[in-house]
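# Close look at the chain arrangement
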Amino acid sequence: TEPDPAHPNRNTLINQDALKKVEEAILDQRPVRLKVPDPKQKGGTKEIIVWPLQILFHNIAWYLAYESMEMDRLLTVTRLDRIQLTGAKLPQQRSLAEMQGSQYRLEQLCRRTGGIFLGDNHQQQAELAEAKLSETRIQELIRKGTLAQVRFRCSPRIYAFIRSGNNRYPAEQMRLAGPLPSDTWQLNNNELQPLPPDPNNTTHPYPVELLLPAWTVASDIDFRRWLFGFGGELKIEAPTALRDEHRTYGQGIASLYDTLEVEE
């Protein structure tokens, strides 16, 4: 992979020799020592010992998923060109079953977040990595603040796109609108009771509800890129903070064009 212009240090895992050592550690179920970005210090780094779990590609870059060796067992995904290997394949080793258990947790979290931003709360990660989230458990996690509900309304054109490609999140996390009386389509593969559409709303008649990790709703860039990318054909109703952020986002774009018209 090409280096990030903002992080041109070729001593990172874009170096094939370093990456090979990490791959060997994954196969041998052994930890490694890494230097990674420190979110508590702008531009700072920290050294940690982790169990490397998987090398994966997402959007435009390659990433390493790893599990902290600390008691919290926090799962994190970081770009290869932002990680340095400072101690390869340390002597500790764990069983293949333990490694596979961690990889399963990683897979569950990526499914339920719709991406690779896994937050920084190990307790919430553990709760969301459960094999099955029943309706009772979902309501409990909403009350605890682990899950948050997002509700928005769609134009007919955008809703056709969302309902035809609704595998972005697990079925138990997506509640979609049923058809209007005038519609000729039927909603398929939705585990939850369909939401009633609003025939009186001529622009955005189709509601959608998502249940997502709190950290995804609060600060996941990929989630915002997807949601805000629908522009004015999607109207956010809840949560209030996300709705206000969407409004500010749209106003910021509009103000750019207002300025251009004055300059021209």
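Notes on the structure follow. (Residues numbered from 1 in each chain as written. Predicted model: local features only at pLDDT ≥ 70, side-chain atom pairs only at ≥ 80, totals over all residues. Heavy atoms only, no water.)

## Topic: the overall build of the protein
Where we set the bar: Numbering of helices and strands starts at the N terminus; helices are DSSP runs of H or I of at least 4 residues and strands are runs of E of at least 2. Contacts are assigned to residue pairs with any non-hydrogen atoms lying within 4.5 Å of each other. Accessibility throughout is a Shrake-Rupley quantity obtained with a 1.4 Å probe, and a residue counts as covered only by protein chains that appear here. Positive residues here are Lys and Arg, negative ones are Asp and Glu, while His and the chain termini are left out of the count. A charge is said to be at NZ when it belongs to Lys, at CZ for Arg, at CG for Asp and at CD for Glu.
What the protein contains, in helices and strands, is 8 helices and 9 strands. C-alpha extents for the protein along the principal axes are approximately 65 × 55 × 30 Å. Restricting to contacts in the protein with at least 6 residues of sequence separation, those with at least 24 account for 57%. Of the roughly 14700 Å² that the protein leaves accessible, carbon and sulfur atoms contribute 51%. Each charge sign in the protein was given a centre, from 32 positive and 34 negative side chains, and these centres are 4 Å apart.

## Some points on the sheet that holds strand S4 (residues 75-79)
Condition: Strands pair, by our definition, only if DSSP identifies at least two bridges between them. For helices, the axis comes from a line fit to the C-alpha atoms of the stretch in contact; other axes are also lines fit to C-alpha atoms, and the angle between any two N-to-C directions lies between 0 and 180 degrees.
Within the open sheet, the 5 strands sit side by side as S4-S3-S2-S1-S5. Their pairing is antiparallel. Only two strands of the sheet have a single neighbouring strand rather than two, namely S4 and strand S5 (84-87). The average undirected angle you get between the axes of adjacent strands in this sheet is 50 degrees. Pairing of strand S3 (residues 61-68) with S4, which is carried by 5 bridges, proceeds in the antiparallel orientation. What sits directly across from Ala65, in S4, is Val77.

## Some details on the pattern of salt bridges
Heads up, the condition is: Here a salt bridge means any side-chain nitrogen of Lys or Arg lying within 4 Å of a carboxyl oxygen belonging to Asp or Glu. Think of it in three bands: residues with accessible area under 20% of the maximum for their type are buried, residues over 50% are exposed, and the middle band is partly exposed, with areas taken using a 1.4 Å probe on protein chains only.
For the structure on display, the rule yields 16 salt bridges. Across the pair Glu172 and Arg112 runs a salt bridge whose closest N-O atoms are separated by 3.7 Å. Of this pair, Glu172 sits in the loop between helix H5 (156-164) and strand S7 (174-176) while Arg112 sits in helix H2 (residues 96-113), placing them 60 residues apart in sequence. Taking the relative accessible area as the measure of exposure, Glu172 reaches 10% and is therefore buried. Between Glu245 and Arg224 there is a salt bridge; the shortest N-O distance is 2.7 Å. A residue pair is termed long-range when its members are at least 10 positions apart, and Glu245 in helix H8 (residues 240-263) and Arg224 in helix H7 (residues 221-228) qualify at 21 residues. The partly exposed category is assigned to Glu245, whose relative accessible area is 32%. Taken together, the shared-partner salt bridges in this structure form one network comprising Arg151, Arg153, Arg175, Glu209 and Glu237.

## Quick look at helix H1 (residues 16-28)
How we decide: Expected helix span is given by 1.5 Å per residue-to-residue step, counting one fewer step than there are residues. Working note: the arc is built from the helix axis to C-beta atom directions. Contacts described as polar in this section are N or O atom pairs within 3.5 Å, which, within protein, must combine one atom able to donate a hydrogen with one able to accept it, while residues neighboring in sequence count only if both atoms come from side chains.
Between its first and last C-alpha atoms H1 spans 18 Å; for 13 residues at 1.5 Å apiece the expected length is 18 Å, and the two agree. Residues Ala18, Leu19, Val22, Ala25 and Ile26 constitute the buried set of H1. Along the axis of H1, the buried residues cluster in a sector spanning 115 degrees; they form a single face. Facing away from the buried side of H1 by over 90 degrees, the exposed positions are Gln16, Asp17 and Leu27. Along its buried surface, H1 packs onto strand S1 (32-37), strand S2 (45-58), S3, S5 and H2. With a side-chain oxygen positioned 2.9 Å from the backbone nitrogen of Asp17, the residue opening H1 is Asn15. Immediately beyond the C-terminal end of H1, within one or two residues, lies Gln29, with a positive phi of roughly 55 degrees.

## Here we look at the side chain of Arg94
With respect to the secondary-structure elements, Arg94 resides in the loop between S5 and H2. Since its relative accessible area comes to 9%, Arg94 is described here as buried.

## Digging into the sheet that holds S7
Reading across from one edge, S7-S8-S6-S9 is the order of the 4 strands in this open sheet, with antiparallel pairing throughout. The open sheet terminates on both sides in strands that have one partner only, identified here as S7 and strand S9 (234-238). Adjacent strand axes in the sheet meet at a mean angle of 20 degrees, parallel and antiparallel pairs treated alike. Pairing between S7 and strand S8 (residues 206-213): 3 bridges, direction antiparallel. Bridge pairing in S8 places Arg175 opposite Glu209.

## Some thoughts on a nonpolar patch on the surface
Filter applied, for reference: Residues forming no salt bridge and having over 30% relative accessible area are the ones grouped into patches, like charges within 9 Å of each other and nonpolar side chains (Val, Leu, Ile, Met, Phe, Trp, Tyr) within 5 Å.
On the surface, a nonpolar cluster with roughly 430 Å² of combined accessible area is contributed by Tyr249, Ile253, Leu256 and Tyr257. Tracing the backbone through its elements, the reader meets Tyr249 in helix H8.

## Describing the pairing of S4
In terms of residue burial, S4 counts as a mostly covered element, since 4 of its 5 residues are buried. Between S3 and the antiparallel strand that follows it, S4, lie 6 residues; Arg73 among them carries a positive phi value of about 55 degrees.

## With respect to the nonpolar core
Counted only if it meets this: Residues belong to a common nonpolar core when they are buried Ala, Val, Leu, Ile, Met, Phe, Trp, Tyr or Cys residues joined through side-chain atoms within 4.5 Å.
Of all hydrophobic cores here, the largest spans 25 residues; its most connected members are Phe152, Leu210, Phe223 and Leu227. Only strand S6 (147-154), H5, S7, S8, H7 and S9 provide two or more residues apiece to this core. Beyond its immediate sequence surroundings of up to four residues, Leu210 is in contact with Ala148, Gln149, Val150, Phe152, Tyr169, Gln173, Met174, Phe223 and Trp226. Formed by 20 residues, the second largest nonpolar core is a distinct cluster that contains Ala65, Met99, Leu106 and Ile138.

By themselves, these figures tell us nothing about what the structure is for.
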